Amino acid sequence: MTQSNRQARRAWAAARRKHIKRGNLYHVEFRHDHDCAIYTPTRLCNCNPDRVLKDDHGRVLARVKGGGPYSPLEMAEGLL
Ligand SMILES: [Zn+2]
């Protein structure tokens, strides 16, 4: 992972800490490249998806680019 990946992931974790609280409803989207391997049977991301946090009305709360490949564990881990 590159230094900029780490900075982006820190920004993403900070955005989630800021907005995800008190049981608010929210949505998280990972915008993969169309040719990302997440869409193949391996389901392993090999692109660099935009991470988008939205509220329950679909308003964008935060958008982080350049965080590196999506990991299936990253939402469960809470603070990547
Ligand atoms: Zn991907």
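Criteria and cut-off values
- Residue positions are given per chain, counting from 1 as you read along its sequence in written order.
- Local features are withheld for residues below a pLDDT of 70 in this predicted model, meaning they are given only at 70 or higher, and side-chain atom pairs are given and counted only at 80 or more; totals for whole chains, interfaces and linings count all residues.
- As a rule here, side-chain values cover all heavy atoms of the structure and leave hydrogens and water aside.
- Comment: elements are numbered from the N terminus, with helices defined as DSSP H or I runs of at least four residues and strands as E runs of at least two.
- The globule rule is 2.2 Å times the number of residues to the power 0.38, and the radius of gyration it is compared with is taken over C-alpha atoms.
- We call two residues contacting when some pair of their heavy atoms lies within 4.5 Å.
- Surface accessibility follows the Shrake-Rupley procedure with a 1.4 Å probe radius. Residue values consider only the protein chains on display as shielding.
- Counted as coordinating are nitrogen, oxygen and sulfur atoms within 2.8 Å of the metal, or 3.2 Å for Na, K and Ca, while water is not included, which may make sites look incomplete.
- Note on geometry labels: four donors, all angles 85 to 135 degrees, give tetrahedral; four donors become square planar and six octahedral when opposite donors are over 155 degrees apart and every other angle is between 65 and 115; remaining cases are irregular.
- The predictor's confidence in any single residue is recorded as pLDDT, a number from 0 to 100.
- Three exposure classes are used, based on accessible area relative to the maximum for each residue type with a 1.4 Å probe and protein chains only: buried under 20%, partly exposed in between, and exposed over 50%.

Scanning the chain from terminus to terminus reveals one helix and three strands. The order of helices and strands in the chain, counted from the N terminus, is α-β-β-β. Relative to a compact globule of 80 residues, whose C-alpha radius of gyration would be 12 Å, the chain shows 13 Å and is just as compact. Projected onto the principal axes, the alpha-carbon positions of the chain cover approximately 35 × 25 × 20 Å. Counting only contacts in the chain whose residues sit at least 6 apart along the sequence, the fraction spanning at least 24 positions is 49%. If you sum the accessible surface of the chain, you get close to 5,300 Å²; carbon and sulfur atoms cover 53% of it.

Right, let's talk about the coordination of the zinc ion for a bit. Ligation of the zinc ion by protein atoms is provided by His-32 (ND1), Cys-36 (SG), Cys-45 (SG) and Cys-47 (SG), these donors lying 2.1 to 2.4 Å from the ion. Bound by four donor atoms, the zinc ion shows angles of 104 to 116° at the metal and therefore tetrahedral coordination geometry.

Mean pLDDT over the chain works out to 87, with 90% of the residues at or above the 70 mark. Of all secondary-structure elements in the chain, the lowest mean pLDDT belongs to helix 1 (residues 3-19), at 89, while strand 3 (residues 60-64) reaches the highest, 95.

The next thing to look at is the environment of His-19. Take His-19: it is sitting in helix 1. Sequence separation between His-19 and Gly-67 is 48 residues, and the spatial gap between their C-alpha atoms is 18 Å. Other than its neighbours up to four places away in sequence, His-19 contacts Asn-24, Leu-53 and Leu-61.

So, about unusual backbone geometry. Within the chain, Arg-43 stands out as a residue other than glycine whose phi angle is a positive 55°. Within the fold, Arg-43 resides in the loop between strand 1 (26-31) and strand 2 (50-55). Taking relative accessible area as the criterion, Arg-43 reaches 57% and is therefore assigned exposed.

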